[in-house]
Amino acid sequence: MFDNIIGNNKNKQILKNIIKNNNISHSYIFSGIAGIGKLLFAKEFAKAILCLSDENKPCNRCKSCLSFENNNNTDIIIIDEQEESIKTEIIKNLTRNILEKPVQNSRKIYIINNSENMTKEAQNSLLKTLEEPPDFAIIILITSNENLLLNTIKSRCIKIFFENLSNNEIKEYFDRHSIEFNNNMLNSFGGSIKKAIELNEKRDMYEKIASIFDKLDDKNELEILNLKESVFNNKEDVYSILEYINTLFYNKIMQDVNNTKVYEKCIEIIEETKIRLKRNSNYDMTIDWTLLSINASIEGND
Ligand SMILES: [Zn+2]
């Protein structure tokens, strides 16, 4: 169970124990940042709950497991809306449908992905079901922002918290899937495989940043200042880019012991940039300040 999923080993053990002891509750919240495998965990857990084998659940061989693999296990219902909000109508359907007995199994499982997208009204209509679920029903709410779930919902569910993945775990993911990646980018992924995949596709841009910072001694002022247009126009990735530049400077400290002060100063500038951005300082002005300050501290070294 869970062999194909990387990370969160503690949760693997918790969920395995629940299956082993047949100590299954009616409602769970799987909480943690996006892109760390919560939905995969939920599917595997659901498959194991319904597995007809006596041991080693999910067996991947019984009727229930096979029908799940073929996407026609009618007793596992996954709500995975691509729209921004999960409307009341969808949840009302669920609350009606959940009263009908399972077809193939003794239990019936509902998984709601991105459950924080349920409107307040939708959450309220789910609440009644959570308060008095049919004996055979299990609901798993998956969320990357549990603050958006009503307290009344949360108090009805057993919460399982998923940790961000470590850099080694993300490395393992890329290795298992034979995907090329840039080691220096690992800190930029923020522990999320989803983010790692997205940013890995922009690897060229990150490598371009590295090529500029690699030849810092050549007085490439213009290239540093140009980063504003060529790199920092990716506002949504700004923290990943800053993290990456920090990694580059940390590497330089290791490689170039004579100039550690300069690089330490640059790291300070990047840290200050993060603080300014989090304080909602003007984006353009902040980035101008960052690049000019980095440039000044490098030139001051000559
Ligand atoms: Zn099975």
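Residues numbered from 1 in each chain as written. Predicted model: local features only at pLDDT ≥ 70, side-chain atom pairs only at ≥ 80, totals over all residues. Heavy atoms only, no water.

Trainee: Teacher, can you tell me more about the environment of Ile-209 here?
Mentor: With respect to the secondary-structure elements, Ile-209 resides in helix 9 (residues 203–214). Note: C-alpha distance between Ile-209 and Thr-273 (64 residues apart in sequence) is 17 Å. When neighbours within four sequence positions are excluded, Ile-209 is seen to be in contact with Val-231, Ile-241, Tyr-244, Ile-245 and Leu-248. (Helix = DSSP H or I, 4+ residues; strand = E, 2+ residues; numbered from the N terminus. Contact = heavy atoms within 4.5 Å.)

Trainee: In this structure, what is going on with the packing of helix 11 (residues 238–255) against helix 12 (residues 260–278)? I would like to understand it.
Mentor: Running from N to C, helix 11 and helix 12 point in directions that differ by 165°, and their axes come no closer than 9 Å. Accordingly, the angle class assigned to the pair helix 11 and helix 12 is roughly antiparallel. Handedness of the helix 11/helix 12 crossing: left-handed. In this structure, helix 11 contributes Val-238, Tyr-239, Leu-242, Glu-243, Ile-245, Asn-246, Phe-249, Tyr-250, Lys-252 and Ile-253 to the contact, and helix 12 contributes Thr-260, Tyr-263, Glu-264, Cys-266, Ile-267, Ile-270, Glu-271, Thr-273, Lys-274, Leu-277 and Lys-278. The residue makeup of the contact of helix 11 with helix 12, split by class, is 12 nonpolar, three polar and six charged. (Axes fitted to C-alpha atoms, helices over the stretch in contact; angles between N-to-C directions. Parallel < 35°, antiparallel > 145°, perpendicular 65-115°, else oblique. Left-handed = near helix turned anticlockwise from the far one by under 90°. Nonpolar A, V, L, I, M, F, W, Y, C, P; charged D, E, K, R; others polar.)

Trainee: How should the packing of aromatic side chains be read in this particular structure?
Mentor: Centre-to-centre distance and the angle between the planes together describe a pair of aromatic rings. Taken as a whole, this structure holds 11 aromatic pairs when the rule is applied. Each ring, one from Phe-213 and one from Phe-249, has its centre 5.2 Å from the other, and the planes form 70°; the classification is edge-to-face. Taken together, the residues Phe-213 in helix 9 and Phe-249 in helix 11 connect sequence positions 36 residues apart. For the pair formed by Phe-213 and Phe-249, the shared burial category is buried. Through a chain of ring-to-ring contacts, three or more aromatic side chains come together here, namely Phe-2, Tyr-28, Phe-30, Phe-41, Phe-45 and Phe-162. (Phe/Tyr/Trp six-rings, centres within 6.5 Å; stacked < 30°, edge-to-face > 60°. Buried < 20%, exposed > 50% of the residue type's maximum accessible area, 1.4 Å probe, protein only.)

Trainee: For this particular structure, what's the right way to read the side chain of Lys-228?
Mentor: With respect to the element layout, Lys-228 can be found in helix 10 (residues 221–230). Assessed through its relative accessible area of 19%, Lys-228 is described here as buried. A polar contact of 3.1 Å, which involves the side chain of Lys-228, links it to the side chain of Asp-288. Those residues in contact with Lys-228 that lie beyond four places of it in its chain are Asn-233, Asp-284, Ile-287, Asp-288 and Leu-291. (Polar contact = N/O pair within 3.5 Å; in protein donor to acceptor, adjacent residues only side chain to side chain.)

Trainee: Honestly, the environment of Ser-106 in this entry has me stumped. Any pointers?
Mentor: Assignment of secondary structure puts Ser-106 in the loop between helix 4 (88–97) and strand 3 (108–112). Overall, the relative accessible area of 63% leaves Ser-106 in the exposed class. Separated by 31 residues in sequence, Ser-106 and Asp-75 place their C-alpha atoms 9.0 Å apart.

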